[in-house]
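Each chain, letter by letter, is given below.
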2 protein chains.
Amino acid sequence: MQLSKGFDYAVRCMVHLALQPGNGGADLKSISRAQAVPVSYLAKIMRTLVRGGLVTSTLGRGGGYVLRRDPSEITLLQIYGLMEGEINFMNCMQNEKSCSLVPLCPQRPVWGRLQKAVEGVFRETTLQDLVPRPFAGIEKERLHVPVRP
Amino acid sequence: MQLSKGFDYAVRCMVHLALQPGNGGADLKSISRAQAVPVSYLAKIMRTLVRGGLVTSTLGRGGGYVLRRDPSEITLLQIYGLMEGEINFMNCMQNEKSCSLVPLCPQRPVWGRLQKAVEGVFRETTLQDLVPRPFAGIEKERLHVPVRP
DNA sequence: TGAATATGGAGTCACTAACTCCATATTCAA
DNA sequence: TTGAATATGGAGTTAGTGACTCCATATTCA
């Protein structure tokens, strides 16, 4: 029961974007260097985040990535959903009829409780909560500015 | 973030044992048949449960397995601990120094919260809670009797 | 004595997380 | 106009491991 590296990377890179001065954005190479994530793998992750609407990308020279919303409006649940899909602890939780052995499986509600618990933590945690203290709260009014210098 | 089949099997087989009439115990083959778990794999799982002290085994003809304690005193956390070890959602949570990037990693407390949440559900759920309704509570006074007929 | 049980541990196999590579498209600067 | 710097798309690779199998051994009972 581990979270994937992909998810970990995604979260850290989103936080990295949230930390850019004036939210100016950052490009693949710089994120890769700062977060120690292999650049080619990071590229794939960023594509997922862009497709999912959490990040905006700019092509060509001087391009890069910017958060699409305020860090306080991006939850871990959204990132998890993009990287991993629905939270489910057992295969039998995916659809109703996959549990074949017992008509009313007694552990089903337990797995459900786990799901809800984790979902709750993910839903309540925003990128803003993950910004290291010294930087918390600054530059918030300068969000959403374009990347280009 | 999935629970392993091994853990699922272990839980179901423990419940199966809790359901035996008069807690007479059951042997590999019958558990395997009833719970649809490959017998050779089940053998390995049962060894873990025996070593862990949750189940007593009897060798030789007429042998098998019996729960060592009352179902209400066996928690999912104990079973999980045997099958999977400590709950940890990220590798960096194993020891203090594995998180190398940032001295005070902001997501650490979040992973910790997940851990606590799941641990809580596991600790509060006993085998007794997983016994299907019609059987709940019966035969409790006849626990701990020997296997042999 | 032998059939029926559990034990121990090495071995197999398939799947997938994690990562690479390359060809292509876009943008800007000179 | 060209080329350097960026992102995109997707196929390919690899190492690790979860989910099993297999067999030789020990124990118990009929």
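Before reading further, recall that the structure is shown in the block above.
The following refers to the structure shown. (Residues numbered from 1 in each chain as written. Chains lettered and ligands numbered in written order. Predicted model: local features only at pLDDT ≥ 70, side-chain atom pairs only at ≥ 80, totals over all residues. Heavy atoms only, no water.)

Looking at DNA strand C, there are 27 residues lining it, with A:S40, A:K44, B:R47, B:S57 and B:Y65 nearest. Put simply, 67% of the atoms of DNA strand C that lie within 4 Å of the protein are in sugar or phosphate. In this structure, B:G60 approaches DNA strand C through a main-chain N or O atom, which is 3.5 Å from a base oxygen. Counting residues per element, the ones that place at least two in the surface near DNA strand C are α1 (5-19) and α3 (39-51) of chain A together with α2 (28-35), α3 (39-51), β1 (55-58) and β2 (64-67) of chain B. (Near = heavy atom within 4 Å. Polar contact = N/O pair within 3.5 Å; in protein donor to acceptor, adjacent residues only side chain to side chain. Helix = DSSP H or I, 4+ residues; strand = E, 2+ residues; numbered from the N terminus.)

Attention now goes to the relation of the copies chain A and chain B. For the pair chain A and chain B, the best superposition has an RMSD of 0.1 Å and corresponds to a rotation of 180° with a translation of 0.0 Å parallel to the axis. Read as a symmetry element, the transformation amounts to a two-fold axis. No C-alpha of chain A lies nearer the rotation axis than that of A:M1, which sits 2.4 Å from it. A symmetric contact is evident, with 100% of the interface residues of chain A recurring at the interface of chain B. (Least-squares fit on C-alpha atoms with pLDDT ≥ 70 in both. Contact = heavy atoms within 4.5 Å.)

Quick look at the interface of chain A and chain B now. Every contact between the two is made by 33 residues of chain A and, on the other side, 33 residues of chain B. Both faces considered, chain A and chain B share a buried interface measuring about 3100 Å² in area, 69% of it formed by carbon and sulfur atoms. Together, A:M1, A:Q2 and A:L3 form the three largest contributors to the area buried by chain A at its contact with chain B, with a combined 24%. Applying the counting criterion to the chain A and chain B interface returns zero salt bridges. (Buried area = accessible area lost by both parts, 1.4 Å probe. Salt bridge = Lys/Arg side-chain N within 4 Å of Asp/Glu carboxyl O.)

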